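Each chain, letter by letter, is given below.
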Amino acid sequence: MSRRHSFYARPLLAAAAAVTVLTGTAAAAPADPSPGRYTATAAALDDTYYQDALGKTGAELKAALHTIISDQTKLSYDQVWDALKATDEDPANSSNVVLLYTGRSQSKNDNGGGSGQWNREHVWAKSHGDFGTSTGPGTDVHHLRPEDVQVNSTRGNKDFDNGGSELAGAPGNFTDGDSFEPRDEVKGDVARMILYMAVRYEGTDSFADLEPNDQVDNGSAPKMGKLSVLKQWSQEDPPDTFEKRRNDVIFEQFQHNRNPFIDHPEWVGSIW
Ligand SMILES: [Ca+2]
Ligand SMILES: [Ca+2]
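Since this is a predicted model, take the numbers as computed values, not measurements. (Residues numbered from 1 in each chain as written. Chains lettered and ligands numbered in written order. Predicted model: local features only at pLDDT ≥ 70, side-chain atom pairs only at ≥ 80, totals over all residues.)

### Side note on the overall build of the protein chain
Looking only at helices and strands, the protein chain has ten helices and eleven strands in total. Buried positions account for 42% of the 272 residues belonging to the protein chain. The contacts in the protein chain between residues at least 6 apart in sequence include a share of 58% that link residues at least 24 apart. (Helix = DSSP H or I, 4+ residues; strand = E, 2+ residues; numbered from the N terminus. Buried ≥ 20, exposed ≤ 12 C-beta atoms within 10 Å, placed from the backbone. Contact = placed C-beta atoms within 7 Å.)

### As for the sheet that holds strand β2 (residues 93-98)
Strand order in this open sheet of three strands is β1-β2-β3, and the pairing throughout is antiparallel. Strands with a single pairing partner mark the edges of an open sheet, and in this sheet they are β1 (89-90) and β3 (105-107). Bridge count between β1 and β2: two bridges; the pairing is antiparallel. Bridging across to β2, D90 finds its partner in N93. (Pairing = 2+ DSSP bridges.)

### Topic: the nonpolar core
Membership of the largest hydrophobic core comes to 49 residues, with the highest contact counts inside it found for W124, V190, I194, L195, M197 and L230. Breaking this core down by element, the ones donating at least two residues are α3 (58-69), α4 (77-87), β2, α6 (187-200), α7 (227-236), α8 (241-254) and α9 (260-263). Tallying contributions element by element places α6 first for this core, with nine residues. Dropping the residues within four chain positions of it, W124 is found in contact with P137, H143, M193, I194, M197, L210 and M224. (Core = buried A, V, L, I, M, F, W, Y, C linked by C-beta atoms within 7 Å.)

### Brief notes about the environment of E266
With respect to the element layout, E266 can be found in helix α10 (residues 266-271). For the pair E266 and Q235, spaced 31 residues apart in sequence, the C-alpha to C-alpha distance is 8.8 Å.

### Side note on unusual backbone geometry
Here the amide bond leading from G225 into K226 is cis, since omega sits at -5°, within 30 degrees of zero. Along the polypeptide, K226 turns up in the loop between β11 (223-224) and α7. Within the chain, H256 stands out as a residue other than glycine whose phi angle is a positive 60°. The topology assignment puts H256 in the loop between α8 and α9.

### Topic: the sheet that holds strand β7 (residues 165-167)
Read from one edge to the other, the open sheet built from four strands follows the order β6-β9-β8-β7, with strand pairing classed as mixed. Of all strands in the sheet, those bounded by a partner on one side alone are β6 (159-160) and β7. Both β7 and strand β8 (residues 170-175) contribute to a ladder of three bridges, which runs antiparallel. Each bridged residue has a counterpart across the sheet, and for S165 the counterpart in β8 is T175.

### Quick word on the environment of L75
Locating L75 in the fold gives a position in the loop between α3 and α4. You can call L75 buried: it has 20 C-beta atoms within 10 Å. Each C-alpha atom, one on L75 and one on S134, is 9.3 Å from the other, the two residues being 59 residues apart in sequence.

### Observations regarding the confidence of the model for the protein chain
Across the protein chain, the average pLDDT comes to 89, with 85% of residues at 70 or higher. Between the elements of the protein chain, mean pLDDT differs from a low of 42, seen in helix α1 (residues 2-26), to a high of 99, seen in α6. Confidence over residues 1-38 falls short of pLDDT 50; this stretch has 28 contacts with residues more than four positions distant or in other chains. (pLDDT = per-residue confidence, 0-100.)

### A word on the packing of α4 against α8
Two numbers describe how α4 lies on α8: the axes approach to 9 Å, and their chain directions differ by 135°. As far as their axial angle goes, α8 and α4 are oblique. With respect to the hand of their crossing, α4 and α8 are arranged in right-handed fashion. The residues of α8 that touch α4, namely those facing A83, A86 and T87, are R246, V249, I250, Q253 and F254. Class assignment of the residues belonging to the contact of α4 with α8 gives a composition of five nonpolar, two polar and one charged. (Axes fitted to C-alpha atoms, helices over the stretch in contact; angles between N-to-C directions. Parallel < 35°, antiparallel > 145°, perpendicular 65-115°, else oblique. Left-handed = near helix turned anticlockwise from the far one by under 90°. Nonpolar A, V, L, I, M, F, W, Y, C, P; charged D, E, K, R; others polar.)

### Observations concerning α7
Within the sequence span of α7, burial applies to L227, V229, L230, W233 and S234. The buried side chains of α7 occupy one side of the element, clustering within an arc of 155° when seen end-on. If you follow the buried residues of α7, they end up packed against β6, α6, β10 (211-212) and α10. (Arc of directions from axis to C-beta.)

### A closer look at α6
Across its 14 residues, α6 extends 20 Å between first and last C-alpha, which sits within 8% of the 20 Å expected from 1.5 Å per residue. Most of α6 is tucked away: 14 of the 14 residues are buried. (Expected span 1.5 Å × (residues − 1).)

### A word on the environment of E166
Position of E166 among the secondary structure elements: in strand β7. Residue class for E166 comes out exposed when judged on the 12 C-beta atoms lying within 10 Å of it. The residues contacting E166, other than those within four sequence positions of it, are P171, N173 and F174.

Written out as structure tokens, the structure is:
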């Protein structure tokens, strides 16, 4: 675990710190500093974090990325609460988080199991592969998001697909008996979270090999659909500032690994 950190993560963190200094200087100007920041970060990442993946395609790329992103700090399910308060902070109100499907901005401290509170949504439904909430895929914040308790329950363990009836409490989201369609603004986020899980979890630890397929109604199988729709969503909704910042916060403050499909969305089409 720590061997790769010594070669990759530390130089990268140093690079990230240098970038932060540059951003701090640029932030004095009123213009949006984020484009410059992420351009600089992406270049630094290719030279360090993604060094062993560059130039590869298909299964070779997937294998290289699996090795890279499997070097991570793992959180307990309880630690996930605090992580989400940082990763999903509302950029317009630091006291709040933004809920994934509803898009609602809500107090960080209004979390729990009560009606109207937010809780921890497993975007890769935890029954698909039955990994639960023990430390591992069930606590990997790359696919965990704050969501309204009731909307989380409505999504349940459904696969993702287009269609259904619009949710009363979450406009822009649709569901039917066997699938859930998130609002347009997060369709790509959902796709990239699912595909991260597929690369990260390959059955090489004590958990199932998670893989996307082109079905719905996957039940407890370690599969999540529909791949063709997820690929389309990833193209239609490319990574925005919120999603990129989230990836950076997870990398710098919590798990010290990245979602490669946020940094390189074109890798979705290379692997699948
Ligand atoms: Ca998005
Ligand atoms: Ca897998």
